[in-house]
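Observations on the model geometry
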Amino acid sequence: MVYHSSFVEDEGLPKACGCPLLPLKSHIKGPAPISEQDATDIVDEAITFFRANVFFRNFDIKSSADKLLIYLTFYINSALKRLEGRRTLAEGTKAIISLGLEKVPVPGESGFPFPGLFVLPQSHQEAELFRNYLKQIREETSGRLLSVAYRPNGTPNKWWLAFAKRKFMNTITPS
């Protein structure tokens with residue numbers, strides 16, 4: 001059974017491309033509202049549920065936050081592919097930074113992994129808002145992923161990096 005997001009209430013939250021801009025525990029600048037530091041956010045959920053959800057080929061969407069969970073699961077899978085073969089935390093950090101510097105596609109642009117998952121942007125402003133939100137959430141996910149993919153001594157955690165070989169929802173991730 002797939003793990004779903006607990007963020008089912010999105011009333012009052014700003015939206016872009018049909019996706020709620022969920023609060024993040026983040027110090028990274030961006031359009032996401034700030035969450036309390038001791039509360040669970042969507043990035044925590046994505047990392048916690050990743051190793052279970054990556055095995056599923058189908059994902060029944062129960063809320064709009066599930067769409068973001070799917071996107072983050074795919075992103076974590078891509079990030080782990082980049083970390084594969086990086087023997088130290090410093091090498092892994094460089095690989096993740098280069099992934100973060102890549103252009104973030106939005107729905108309707110080439111390179112967006114799940115066409116049809118999110119609504120196409122109605123304006124250039126909505127597209128830029130969603131791009132900035134995805135960039136912020138990807139950067140936050142990358143930072144937190146490094147702390148689980150590498151042990152405190154800087155060596156790779158094989159119990160995480162082994163999941164780089166998995167295909168999420170039968171989608172091939174670019175390496």
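Before going into details, it helps to say that this report is about the structure given with it. (Residues numbered from 1 in each chain as written. Predicted model: local features only at pLDDT ≥ 70, side-chain atom pairs only at ≥ 80, totals over all residues. Heavy atoms only, no water.)

Things to note about the state of the cysteines
For the coordinates displayed, the defined rule picks out zero disulfides. Here cysteine 19 stays free of any disulfide, with the sulfur of cysteine 17 as its closest cysteine sulfur at 8.2 Å. Looking at cysteine 19, the relative accessible area reads 0%, which means it is buried. (Disulfide = S-S within 2.5 Å. Buried < 20%, exposed > 50% of the residue type's maximum accessible area, 1.4 Å probe, protein only.)

Quick look at the packing of aromatic side chains
One pass over the full model with this rule turns up eight aromatic pairs. Relative to phenylalanine 49, the ring of tyrosine 3 lies with its centre 5.0 Å away and its plane at 15°, an arrangement referred to as stacked. Here tyrosine 3, found in the segment before β1 (15–16), pairs with phenylalanine 49, found in helix α1 (residues 42–53); they are 46 residues apart in sequence, far enough to count as distant. Overall, the relative accessible area of 42% leaves tyrosine 3 in the partly exposed class. An angle of 70° between the planes, with centres 6.2 Å apart, marks the rings of phenylalanine 50 and phenylalanine 163 as edge-to-face. Of this pair, phenylalanine 50 sits in helix α1 while phenylalanine 163 sits in the segment after α5 (158–161), and the two are 113 residues apart along the sequence. (Phe/Tyr/Trp six-rings, centres within 6.5 Å; stacked < 30°, edge-to-face > 60°. Helix = DSSP H or I, 4+ residues; strand = E, 2+ residues; numbered from the N terminus.)

A look at the packing of helix α2 (residues 64–83) against helix α4 (residues 124–149)
As a packed pair, α2 and α4 sit with axes 10 Å apart at the nearest point and diverge in direction by 55°. With respect to their mutual orientation, α2 and α4 come out oblique. As for the relative orientation of α2 and α4, their crossing is right-handed in sense. On α4, the residues touching Leu68, Tyr71, Leu72, Tyr75, Ile76, Ala79, Leu80 and Leu83 of α2 are Tyr133, Leu134, Ile137, Arg138, Thr141, Ser142, Leu145, Leu146 and Ala149. Of the residues in the contact of α2 with α4, the class split is 14 nonpolar, two polar and one charged. (Axes fitted to C-alpha atoms, helices over the stretch in contact; angles between N-to-C directions. Parallel < 35°, antiparallel > 145°, perpendicular 65-115°, else oblique. Left-handed = near helix turned anticlockwise from the far one by under 90°. Contact = heavy atoms within 4.5 Å. Nonpolar A, V, L, I, M, F, W, Y, C, P; charged D, E, K, R; others polar.)

Looking at the pattern of salt bridges
For the coordinates displayed, the defined rule picks out nine salt bridges. When the shortest N-O distance is used, the salt bridge between aspartate 41 and arginine 144 registers 2.8 Å. Note that aspartate 41 is positioned in the loop between β2 (19–20) and α1 and arginine 144 in helix α4, a separation of 103 residues in sequence. Exposure class is identical for aspartate 41 and arginine 144. Each is buried. Across the pair arginine 144 and glutamate 140 runs a salt bridge whose closest N-O atoms are separated by 2.9 Å. Placement of the pair is arginine 144 and glutamate 140 together in helix α4, with a separation of four residues, close to one helical turn. The residues arginine 144 and glutamate 140 share a single accessibility class, namely buried. Overlapping salt bridges, with partners in common, bring together Lys25, Asp41, Asp44, Glu140 and Arg144 in one network. (Salt bridge = Lys/Arg side-chain N within 4 Å of Asp/Glu carboxyl O.)

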